[in-house]
Amino acid sequence: MQQYVPEMEKIKRTLRSHPRGMSITDLSKSLQTNRNSVAKYLDIMLTSGEVEMKKVCTAKLYFLSNRLPLSEMLSLTSDCLLVLDDDRVITFANDAFLDLEGLRRRDVLGRPLAELCFSLVDDEIAANIGGASGETFAKEIEIVSEGDVHIFRAKVIGAVLENGKNGTTLLFEDITKKRLCQKRLERSEELYRAVVEDQTEFIIRYLPDHTIVFANQAYCRAFGLDPQTVAGTIFPPQIPKEYLGRVLRDFSAITPDNPVVTVDNPVIMPDGSEAWHQWSNRGIFDASGSIIEYQSVGRDITATKRIQQAQQELMKEMTILTESATGLIMLGEGENIFRYTADSLSWAAQNSAIVLFSYNEGLYTIEAVRRGRKWQDDSVYEYLRDAELLGMHCTKGALLPFSPPHVTECTGGDYCRFLAGSGGRQLAMGLRKMKGISLSTMGIYSGGEMLGTVLLITERAQEPGNPSLIETIVHQAAIMIHHRKALESLLLAEERYIDLLDRSKSMIGIHAEGRMVYANPALRQFFGYNQDDLVGVLLDDLIHPAYIDAVRERVQSSYEDGNALPPMHEKIFRKDGIPVDVIVYGLPTIFHHHNATQVIVEAVEEMPVPLSSADR
């Protein structure tokens, strides 16, 4: 190999200037060397790790290797290394070996092992160098260096040298610290056992048939077992049935490739209470891979689990509340708020059947009947649905005594008596026949006004749901119902107001945002407009230029400050373009939800102020 060194150096220099790689043909042309010779050199360099090859389609590109030479790596290791050829001549010794033996590299390289004496190489190791069996020989040796005892694990390993010939590597691993640690570990076994006993975590080891091998004090205290007699007994903890199948499946997943499984599950404690434990279950296997023992380490996570459950419940409630509020806002004018609220309550009161009554002028009407997500009694639900479809009514006295502004349980008998005596006899008779139910009610109030009642029907010993969530949903609905009723009243009042203006003999108009939005018949007739022709016309197009600035100032004051406008002389154009002198009064008002001004116009026989020549 030494005879090819100059040619291989030329190849490396060429590849160094071509980091993207070169093919054999490219190298041959660049070096002006036979292609077969270049291929031979590259094969040698590829074997020794000096270059790397990458296929690109059918071409082979060669690069300089970025790997560290083996000799450099061996020099960096902390283990002692000695490499011999097949004639037992030393070809390499790393720094760790030389430092331990107190020798220099030139003292050992190229010399036969028999001519030297090393403290690390005894007769038994020397006898196994170059063995024909091909098996690795290993033993532990102790040597004393500068008063300290060092323990090495010596290995005799067959190797292939850089020139391709067979050789031997002697590897000496310093295991002094490891042996000292093992001894310390053995000495601290009793201390370790005491630590295990004092752990707050539960620790138990048991056989596949649940026979206990060991259980620490924490486990025994938690489950009421005697630490002195627990070994050899069988004690499977009680797990609720709905979780038992999952726990067994997790245990069946323990294999040599997956020896540890962590599971959270509830456990029935000796006092009958339910606690949550987290167990890390490890399988211990024999050489054939069969399970021989389990070790379980557990801790009580009851408090954490309850916090998580509370957080989940809170998130559910916030989601229900947010969706309910968003949906209320998005409801159209024709959609029934009571029915939408009943849908929201079916999520908040999942154990209940829900009945919503509207109240108007002393009369209650069934608006909606819904079942909670967990309500199972179809007969009760179907009966209530029939009552809803009939549009059943009852008077105020039936429900008002049971309608405070919060969820309150009421007596079923009294409730039915009130219901029967107030026009709801059929519903009262049906409720009396329902066995094993509880009734709760809540009034729907807003601004001190009674708008309706919520009736919640649940099975006995069950809560209808979260009262705070139910009350919040009902209060939100009450605000929307009250707002809609107020808006309807406002629209009705506006209709009556327009009707009065239409009948008036005075000339009356309304303008908003600088445009006419209403003109009664008297005003339209005076200015020569047909019906609706005046609506939408800009004030600037109606007012004479001599008065426009003053009118604008008055209009702005009315819109922004809500000021009444005293009488003012103005000149307004008729539809035919003729200006007419008028006196205008202004009052702030609301028209179609916008700030507006109502104007009263009176005709003027004579002009109080002469016009300039420009105005004529």
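Residues numbered from 1 in each chain as written. Predicted model: local features only at pLDDT ≥ 70, side-chain atom pairs only at ≥ 80, totals over all residues. Heavy atoms only, no water.

Participant: In this structure, what is going on with the pattern of salt bridges? I would like to understand it.
Facilitator: Should their charged atoms come close, side chains of opposite charge can pair. Per the counting criterion, the structure on display carries 16 salt bridges. As a salt-bridge pair, Lys-139 and Glu-124 come within 3.0 Å of each other at their nearest N and O atoms. Of this pair, Lys-139 sits in strand E5 (residues 137–145) while Glu-124 sits in helix H7 (residues 123–127), placing them 15 residues apart in sequence. Put simply, Lys-575 and Asp-533 hold a salt bridge, and the shortest N to O gap is 3.4 Å. Residue Lys-575 is found in the loop between strand E21 (565–573) and strand E22 (579–591), and its partner Asp-533 is found in the loop between helix H18 (521–527) and helix H19 (539–542); the two are separated by 42 residues along the sequence. Here the residues in one salt-bridge network are Glu-140, Arg-153, Glu-173 and Arg-179, joined through shared partners. (Salt bridge = Lys/Arg side-chain N within 4 Å of Asp/Glu carboxyl O. Helix = DSSP H or I, 4+ residues; strand = E, 2+ residues; numbered from the N terminus.)

Participant: Got a minute to help me understand the packing of helix H12 (residues 302–330) against helix H17 (residues 467–503) in this structure?
Facilitator: The geometry of a pair of packed helices is captured by two quantities: the angle between their axes and the separation between those axes. Relative orientation of the contacting elements H12 and H17 amounts to 10°, with a least axis distance of 10 Å. Of the possible angle classes, the one that applies to H12 and H17 is roughly parallel. Contacts between H12 and H17 pair Glu-317, Ile-320, Leu-321, Ser-324, Ala-325, Leu-328 and Ile-329 from the former with Leu-469, Thr-472, Ile-473, Gln-476, Ala-477 and Met-480 from the latter. Taken together, the residues of the contact of H12 with H17 break down into nine nonpolar, three polar and one charged. (Axes fitted to C-alpha atoms, helices over the stretch in contact; angles between N-to-C directions. Parallel < 35°, antiparallel > 145°, perpendicular 65-115°, else oblique. Contact = heavy atoms within 4.5 Å. Nonpolar A, V, L, I, M, F, W, Y, C, P; charged D, E, K, R; others polar.)

Participant: What am I meant to see in empty space enclosed by the protein here?
Facilitator: Rolled over the atoms, a probe as big as a water molecule pinpoints where empty space is left. This model, assessed by the stated rule, comprises one cavity of 30 Å³ or more. A volume near 260 Å³ is recorded for the largest cavity. Around the largest cavity sit 21 residues that line it, and Met-516, Leu-539, Ile-543, Ile-572 and Val-599 are the ones nearest its centre. Mapped by element, the contributors of at least two residues to the lining of the largest cavity are H18, H19, helix H20 (548–561), E21, E22 and strand E23 (594–603). When residues in the lining of the largest cavity are grouped by element, the largest group, four residues, is from E21. Grouping the amino acids of the lining of the largest cavity by side-chain chemistry returns 17 nonpolar, two polar and two charged. (1 Å grid on protein atoms, 1.4 Å probe; cavity = no way out; pocket = protein on both sides within 12 Å on 5 of 7 lines; lining within 4 Å. Points joined across faces, edges and corners; volume = space filled by probe spheres on them.)

Participant: Is there a simple way to think about the layout of surface pockets in this case?
Facilitator: Of the volumes computed, that of the second largest pocket is approximately 440 Å³. Lining the second largest pocket are 21 residues; nearest its centre among them are Tyr-206, His-210, Pro-237, Ile-239 and Phe-251. Breaking the lining of the second largest pocket down by element, the ones donating at least two residues are strand E8 (202–206), helix H11 (241–252), strand E10 (260–268), strand E11 (274–285) and strand E12 (291–300). Considering each element in turn, the lining of the second largest pocket owes the most residues, four residues, to H11. Split by residue class, the lining of the second largest pocket holds 17 nonpolar, four polar and no charged.

Participant: What should I look at first to understand unusual backbone geometry in this one?
Facilitator: Note on backbone geometry: most residues besides glycine have negative phi, and most peptide bonds are trans. Despite not being glycine, Gln-32 has its phi angle at roughly 55°, a positive value. Mapping Gln-32 onto the fold places it in the loop between helix H2 (24–31) and helix H3 (35–48). Residues other than glycine seldom take positive phi values, yet Glu-513 does so here, at roughly 55°. The class of Glu-513 is exposed, set by a relative accessible area of 63%. (Buried < 20%, exposed > 50% of the residue type's maximum accessible area, 1.4 Å probe, protein only.)

Participant: Can you walk me through H2 in this structure?
Facilitator: Within an α-helix, residues lying three or four positions from one another point in the same direction, as the helix has 3.6 residues per turn. Three or more residues of H2 are buried, namely Ile-24, Leu-27 and Ser-28. Down the axis of H2, the smallest arc covering the buried residues is 100°, so these residues share one side. Looking at the buried positions of H2, the neighbouring elements they touch are helix H1 (5–16), H3 and strand E2 (59–64). The first or second residue beyond H2 is Gln-32, which carries a positive phi of 55°. (Arc of directions from axis to C-beta.)

Participant: Help me out: how do you make sense of the packing of H2 against H3 in this one?
Facilitator: Interhelical geometry of H2 versus H3 gives an angle of 115° and a closest axis separation of 9 Å. Taken together, the axis directions place H2 and H3 in an arrangement best described as roughly perpendicular. Note on packing geometry: the crossing formed by H2 with H3 is right-handed. Note on element contacts: H3 touches H2 through Arg-35, Val-38, Ala-39 and Leu-42, opposite Ile-24, Thr-25, Leu-27 and Ser-28. Its residues placed into classes, the contact of H2 with H3 shows five nonpolar, two polar and one charged. (Left-handed = near helix turned anticlockwise from the far one by under 90°.)

Participant: Teacher, can you tell me more about the side chain of Ser-446 here?
Facilitator: Relative to the assigned elements, Ser-446 resides in strand E17 (residues 437–446). Residues contacting Ser-446, with those up to four places away along its chain left out, are Leu-451, Ala-478, Ile-479 and His-482.

Participant: So what exactly am I meant to see when it comes to the nonpolar core here?
Facilitator: What tends to happen in soluble globular proteins is that the nonpolar side chains get buried as a cluster. Leu-345, Ile-444, Val-454 and Ile-470 are the most contacted members of the largest nonpolar core, which totals 26 residues. Taken together, the elements giving at least two residues each to this core come down to H12, helix H13 (337–348), strand E13 (352–360), E17, strand E18 (449–459) and H17. Broken down by element, the residue count for this core peaks at seven residues, all from H17. (Core = buried A, V, L, I, M, F, W, Y, C linked by side-chain atoms within 4.5 Å.)

Participant: I keep staring at the packing of aromatic side chains and nothing clicks. Help me out?
Facilitator: The geometry of two aromatic rings is summed up by the distance between their centres and the angle between their planes. Taken as a whole and assessed by the stated rule, the structure comprises twelve aromatic pairs. Judged by centre distance (5.2 Å) and plane angle (70°), the ring pair of Phe-97 and Phe-118 falls under edge-to-face. You can see Phe-97 sitting in helix H5 (residues 95–101) and its partner Phe-118 sitting in the loop between helix H6 (105–108) and H7, a full 21 residues away along the chain. This pair shows no difference in class: Phe-97 is buried, exactly as Phe-118 is. With centroids separated by 5.4 Å and ring planes inclined at 85°, the aromatic side chains of Tyr-243 and Trp-276 adopt a geometry described as edge-to-face. Note that Tyr-243 is positioned in helix H11 and Trp-276 in strand E11, a separation of 33 residues in sequence. For Tyr-243, a relative accessible area of 25% corresponds to the partly exposed category. Sitting above the plane of the Trp-276 ring, Lys-305 keeps its charged end 4.6 Å from the centroid. (Phe/Tyr/Trp six-rings, centres within 6.5 Å; stacked < 30°, edge-to-face > 60°. Lys NZ or Arg CZ within 6 Å of the ring centre and 35° of its normal.)

Participant: Explain the sheet that holds strand E4 (residues 90–93) here, please?
Facilitator: Hydrogen bonds along the backbone pair up the strands of a sheet, which may run parallel or antiparallel. Pairing within the open sheet is antiparallel, and its five strands lie in the order E4-E3-E7-E6-E5. Looking at which strands have only one partner, the edges of the open sheet turn out to be E4 and E5. On average, each strand axis in the sheet is tilted by 20° relative to the strand beside it, whichever way the strands run. Where strand E3 (residues 80–85) meets strand E7 (residues 166–174), six bridges bridge the pair, whose relative direction is antiparallel. Looking at the pairing, Asp-85 lines up with Gly-167 of E7. Contacting E5, strand E6 (148–160) and E7, helix H8 (residues 176–187) crosses the sheet at an angle of about 125° to E6. (Pairing = 2+ DSSP bridges.)

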